[in-house]
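Spelled out from the first residue to the last, the chains are:
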Amino acid sequence: MADLSWYGAPEGVDVGTVFATRQEAMSARVHRVLQAGIVGSRDNGAESIVVSGGYEDDEDYGDVIIYTGHGGNDRSTGRQIKDQSFDTYGNAALVTSVLTGAPVRVVRGRSRHSPTAPTAGYRYDGLYRAEHWWSETGKSGFKVCRFRLVSTAVDYAMPPALSVSSMNPEMHPAMHPAIIVSTPAGTAVPVRVSTVVQRVVRSGAVVEYVKKLHDHTCQMCCTRLSILGRGYSEGAHIRAIGRPHDGPDTTDNVLCLCPNCHVMFDNGAITVTDDFLVQRDDVNDSPLRLVAKHEIDPRFLAYHRAIHR
Ligand SMILES: [Zn+2]
């Protein structure tokens, strides 16, 4: 059985603790290997990552990290010399973390390029949520695997009116179906249940307007969910807002989707052509549902296809 005790906050280590060496960080169970930047597996998700400026494409904004996966770089220069793959164990682990919502420990190493990095050693900077994954062409012209990680301190600070989070009621961060080999005991009378934010569904005036135009009918599968007479749908930004995609919060960049199609679309399992055909594996193309007053800009669809190629 997979040992899940390695996931989540390390016991007895405060956020901000600095370790002089990788060996010390390993002994404290913060990052359990000496060399690799990612610890984890495809089945269980990523336990921890080290952000150390080892990849030329990494971008570190503090609470938000645009992290480059591993593989394909020259260890001495950090330059990419071939394509990265989402099948490589660490990149596969981070994709699983996006899907499970399980938090990932972040350790920052000394870096000349980053003002958020420690001046010496390795600092444990707490738990981050892997929010999104995609591929792009890196500075060296090769494909790189990219991940957006957001500090869980930011997640929980988000105003409730702006987020609807599906909370995983189970305690453990690594509750991926692939690793559930026995039924968790659970808690009959939970006093305090630790939870994981699995998905953050953002809302706002633009999203609400688009959802009303479609009367909550999914533009991809035409499902209309009804809860006690109220329609339920989610607004999906085609070109994601926020760093590094910086898509606009405008109606021509938003789709009205059911939760199933939303998850598939966000993770690239559904794409839409410039002719508004919905494409998914093993299913014939179908037209995107369109209504008057809601024009969609094909440039955003092209961007979405490009990063999930
Ligand atoms: Zn749908």
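Attention here is on the structure that accompanies the text.

1. Remarks on the overall build of the chain
Thought 1: Tallying secondary structure elements over the chain gives 6 helices and 17 strands in all.
Thought 2: Evaluated residue by residue, the chain yields a buried proportion of 47% over its 309 residues.
Thought 3: The long-range share in the chain, meaning contacts at least 24 apart out of those at least 6 apart in sequence, stands at 62%.
Thought 4: Carbon and sulfur atoms provide 53% of the accessible area of the chain, an area that totals close to 15,500 Å².

2. So, the packing of aromatic side chains
Thought 1: Within this structure, the stated rule accounts for 2 aromatic pairs.
Thought 2: On the numbers, 4.9 Å between centres and 65 degrees between planes, the contact of Phe86 with Trp133 is edge-to-face. Taken together, the residues Phe86 in the loop between strand 5 (64-68) and helix 2 (89-100) and Trp133 in strand 7 (residues 122-137) connect sequence positions 47 residues apart. Each member of the pair, Phe86 as well as Trp133, is classed as buried.
Thought 3: Ring centres of Phe86 and Phe147 lie 6.0 Å apart, and the angle between their planes is 80 degrees; this geometry places the pair in the edge-to-face category. Here Phe147 lies in strand 8 (residues 143-151) and Phe86 lies in the loop between strand 5 and helix 2, a separation of 61 residues in the sequence.

3. Concerning the coordination of the zinc ion
Thought 1: In the first shell of the zinc ion, the protein supplies Cys218 (SG), Cys221 (SG), Cys258 (SG) and Cys261 (SG), at 2.2 to 2.4 Å from the metal.
Thought 2: One can describe the site at the zinc ion as tetrahedral: its 4 donor atoms subtend angles covering 104 to 115 degrees at the metal.
Thought 3: All donor residues of the zinc ion come from one chain, and their arrangement in sequence is C-x2-C-x36-C-x2-C. Residue Cys221 is found in the loop between helix 4 (205-213) and strand 11 (225-227), and its partner Cys261 is found in helix 5 (residues 259-266); the two are separated by 40 residues along the sequence.
Thought 4: For Cys221, a relative accessible area of 33% gives the class partly exposed.
Thought 5: Its relative accessible area of 3% is what places Cys261 among the buried residues.

4. Notes on the pattern of salt bridges
Thought 1: Taken as a whole and judged by the stated rule, the model has 13 salt bridges.
Thought 2: For Asp125, the salt bridge identified is with Arg108, shortest N-O distance 2.6 Å. In this pair, Asp125 is assigned in strand 7 and Arg108 in strand 6 (residues 103-109), connecting sequence segments 17 residues apart.
Thought 3: Looking at Arg108, the relative accessible area reads 3%, which means it is buried.
Thought 4: A salt bridge links Asp215 to Arg224; the nearest nitrogen and oxygen atoms lie 3.2 Å apart.
Thought 5: Under the relative-accessibility criterion, Asp215 is labelled partly exposed at 42%.
Thought 6: For Arg224, a relative accessible area of 36% gives the class partly exposed.
Thought 7: A network of salt bridges, in which partner residues are shared, links Asp60, Arg108, Arg123 and Asp125.

5. A few points about the pairing of strand 6
Thought 1: Burial analysis of strand 6 places 7 of its 7 residues in the buried class, the great majority of the element.
Thought 2: Side chains of strand 6 alternate between two faces, with Pro103, Arg105, Val107 and Gly109 and Val104, Val106 and Arg108 buried alike.
Thought 3: Here 6 bridges tie strand 6 to strand 7, and the two strands are oriented antiparallel to one another. Bridging from a neighbouring strand, Gly109 pairs with Tyr122 of strand 7.

6. Some details on helix 4
Thought 1: Here helix 4 has its buried residues at Val206, Val207, Val210 and Lys211. Projected down its long axis, helix 4 carries its buried residues within an arc of 130 degrees, all on one side. Residues of helix 4 that are exposed and point over 90 degrees away from its buried face: Ala205 and Lys212.
Thought 2: In the segment just after helix 4, Asp215 is the residue with positive phi, at about 45 degrees.

7. As for the nonpolar core
Thought 1: Counting 19 residues, the largest nonpolar core has Ile49, Ile65, Tyr67, Leu94, Phe147 and Leu149 as its most contacted members.
Thought 2: Contributions of two or more residues to this core are made by strand 3 (45-51), strand 5, helix 2, strand 6, strand 7 and strand 8.
Thought 3: In terms of residue count, the dominant contributor to this core is helix 2 (4 residues).
Thought 4: Excluding its chain neighbours within four sequence positions, the residues that come into contact with Tyr67 are Gly37, Ile38, Ile49, Val50, Val51, Asp58, Leu94, Cys145, Arg146, Phe147 and Leu149.
Thought 5: With 16 residues, the next largest nonpolar core counts Ile238, Ile270, Ile296 and Leu301 among its residues.

8. Considerations on the sheet that holds strand 17 (residues 283-287)
Strand-to-strand pairing in sheets goes through backbone hydrogen bonds, with the strands running parallel or antiparallel.
Thought 1: Across the sheet, which stays open at both edges, the 3 strands sit in the order 15-16-17 with antiparallel pairing between neighbours. In this open sheet, the two edge strands, each paired with only one partner strand, are strand 15 (270-272) and strand 17. Each adjacent strand pair in this sheet contributes to an overall mean axis angle of 25 degrees, direction not counted.
Thought 2: Note: strand 15 against strand 16 (residues 277-280), 3 bridges, orientation antiparallel. When the bridges of strand 16 are listed, Ile270 appears paired with Arg280.

Parameters at a glance
- Residues numbered from 1 in each chain as written.
- Predicted model: local features only at pLDDT ≥ 70, side-chain atom pairs only at ≥ 80, totals over all residues.
- Heavy atoms only, no water.
- Helix = DSSP H or I, 4+ residues; strand = E, 2+ residues; numbered from the N terminus.
- Buried < 20%, exposed > 50% of the residue type's maximum accessible area, 1.4 Å probe, protein only.
- Contact = heavy atoms within 4.5 Å.
- Areas by Shrake-Rupley, 256 points an atom, 1.4 Å probe, with all protein chains shown as cover.
- Phe/Tyr/Trp six-rings, centres within 6.5 Å; stacked < 30°, edge-to-face > 60°.
- Donors = N, O, S within 2.8 Å, 3.2 Å for Na, K, Ca; no water.
- Tetrahedral: all angles 85-135°; square planar, octahedral: opposite > 155°, others 65-115°.
- Salt bridge = Lys/Arg side-chain N within 4 Å of Asp/Glu carboxyl O.
- Pairing = 2+ DSSP bridges.
- Arc of directions from axis to C-beta.
- Core = buried A, V, L, I, M, F, W, Y, C linked by side-chain atoms within 4.5 Å.
- Axes fitted to C-alpha atoms, helices over the stretch in contact; angles between N-to-C directions.

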